[in-house]
Amino acid sequence: MVWTSRACFRKYGNFVDNIRLYVRGGSGGMGLPRLGGNGGNGGDVCVVAKKGTTLKQIKDKHPNKRFTAGVGSNSSIHALRGAKGEDTQVFAPTGISVTTDGGRILGELNCEGDRLLVARGGHGGSLHSGFLPSKGQTRQIRLDLKLIADLGLVGFPNAGKSSLLTALSHAKPMIASYPFTTLRPEIGKIMYDDHKQVSMADLPGLIEGAHVNKGMGHKFLKHVERTKQLMFVVDICGFQLASNTPFRSAFETVLLLTKELELYKEELLDKPAILVINKMDLPEAQGRLRELEAHLENQEESSHIFPEDVTPKTRMRFMHIVPVSATTGLGLPLLKSLIRQSLEEQDVIETEGQRSEKLLKLKREIPVPSWGFPQPT
């Protein structure tokens, strides 16, 4: 059983990662039949990404969770074309997925300033509508936060993810020596001498069965989707959640973590990943490391030792395998360097891919010159 105190829930329990809102576009204004005047359109409701905003702020500031845009002005002798109703903006953090109650995706807000229309205002009265206005669009929508970070820490409780985040960045997550699991995402910034910054997320703890939403399964896994790379953090001495659960060796832990990601969404295994082997300051660590390395070099053969429900169909290919101690600092400078290197390599690959895609698109759009020769019909 994972132990958590009431104080922990007070500190971490207020994190909000999804919220349901009622949105309504403004009604249009009345037209003026005798002069052919058009009423103003109703205002729109938009969700706008804004830095420093949280879903909890929306919940606290708007307890009724209702957002209604302004009504369009009626046409009049003084203003034949009525003014448009005032738009309403819902400011939300970046990394938001907006869906309807039925689960249909309306759009995503990934960068500051991104804007998504969620409820359109009604049309003002005009000749085509008999000068009668229409009502604005009404919807129940959901804002779902999927964290955006360069690196997401993946591991079972007590693997040392929070300690590693603290050692590499300025974040101060809750840390304990018992199988404690983070209850909300913590984001840290790794700072480099040239002022380069890399964001790293310690995510709500993963347990066996997370893919079917055991523990905080889906809370954890949906955040993993929105990180550029993954960092598996494994206790070199293995892991056991409780006395009534099986003990897992370090290699078995790697297999199980991979399996949980695979069962939730296979595409997650395509992400670049680093394997961090933590707690190398313990007395028996070196012997266990040699054993783990032997298994990792022969993953296919070693995997046959374990039952099918533990073994993933696809192997996780790690760009780097780094033994560290978050407690003593062993291996952390190398890890910090490799994190930056892997992200920069990924940026180069993505930039080249985007460039090739643009060139291909341009070639399709630019017509081939005929040079005066007739083209075949």
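Before going into details, it helps to say that this report is about the structure given with it. Note that this is a predicted model, so its numbers are computed, not measured. (Residues numbered from 1 in each chain as written. Predicted model: local features only at pLDDT ≥ 70, side-chain atom pairs only at ≥ 80, totals over all residues. Heavy atoms only, no water.)

## Topic: helix α8 (residues 332-365)
Taking 1.5 Å per residue as the helical rise, α8 with its 34 residues ought to reach 50 Å, and the 49 Å between its terminal C-alpha atoms agrees with that figure. Considered for burial, the residues of α8 that qualify are Leu332, Leu335, Leu338, Ile339, Arg340, Ser342, Leu343 and Gln346. (Helix = DSSP H or I, 4+ residues; strand = E, 2+ residues; numbered from the N terminus. Expected span 1.5 Å × (residues − 1). Buried < 20%, exposed > 50% of the residue type's maximum accessible area, 1.4 Å probe, protein only.)

## Here's the deal with the pairing of strand β5 (residues 96-100)
Within β5, five of the five residues are buried, leaving the element largely enclosed by the surrounding structure. Where β5 folds back on strand β6 (residues 105-109), the antiparallel hairpin that results is connected by four residues, among which Gly103 adopts a positive phi of roughly 95°. As paired strands, β5 and strand β8 (residues 138-145) are joined by five bridges and run antiparallel to one another. Note that in β8 the partner of Thr99 across the bridge is Arg142. (Pairing = 2+ DSSP bridges.)

## A short note on the sheet that holds strand β4 (residues 88-92)
The strand order β4-β2-β7 describes an open sheet built from three strands, whose pairing is mixed. Two strands bound the open sheet, and with one partner strand each, they are β4 and β7 (115-119). The average angle at which neighbouring strand axes cross in this sheet is 30°, direction not considered. Inspection of the sheet shows strand β2 (residues 45-49) paired to β7 by four bridges, in the antiparallel sense. Bridge assignment links Val47 to a residue of β7, and that residue is Leu116. (Axes fitted to C-alpha atoms, helices over the stretch in contact; angles between N-to-C directions.)

## Overview of the packing of helix α3 (residues 161-168) against α8
Following both chains from N to C, one finds α3 and α8 inclined at 85°, their axes separated by 11 Å at the closest point. Taken together, the axis directions place α3 and α8 in an arrangement best described as roughly perpendicular. Residues Leu164, Ala167 and Leu168 of α3 touch α8, and the partners they reach there are Leu332, Leu335, Lys336 and Ile339. Partitioned by chemical class, the residues of the contact of α3 with α8 number six nonpolar, no polar and one charged. (Parallel < 35°, antiparallel > 145°, perpendicular 65-115°, else oblique. Contact = heavy atoms within 4.5 Å. Nonpolar A, V, L, I, M, F, W, Y, C, P; charged D, E, K, R; others polar.)

## Here we look at the pattern of salt bridges
By the definition in use, this model includes 14 salt bridges. Here Lys228 ties to Asp347 by a salt bridge, and the two come within 3.9 Å at their closest N and O atoms. Here Lys228, found in strand β12 (residues 227-235), pairs with Asp347, found in helix α8; they are 119 residues apart in sequence, far enough to count as distant. Judged by its relative accessible area of 37%, Lys228 is partly exposed. Between Glu266 and Lys313 there is a salt bridge, with its nearest N and O atoms 3.5 Å apart. With a gap of 47 residues between them, Glu266 in the loop between α5 (250-264) and β13 (273-278) and Lys313 in the loop between α7 (299-303) and β14 (318-323) connect regions that are remote in the sequence. By relative accessible area, which is 45% here, Glu266 ends up partly exposed. Residue Lys313 is classed as exposed on the basis of its relative accessible area, which comes to 67%. Among the charged side chains, a network of salt bridges with common partners joins Arg20, Asp101 and Arg142. (Salt bridge = Lys/Arg side-chain N within 4 Å of Asp/Glu carboxyl O.)

## A closer look at the pairing of β12
The buried count for β12 comes to eight of nine residues, which makes it a mostly enclosed element. Looking at chain direction, strand β9 (residues 149-154) and β12 are connected through five bridges and run parallel. Each residue of the ladder has a partner; that of Leu153, found in β12, is Met231. Alignment of β12 against β13, held across six bridges, turns out to be parallel.

Just distances and angles here, no functional claims.
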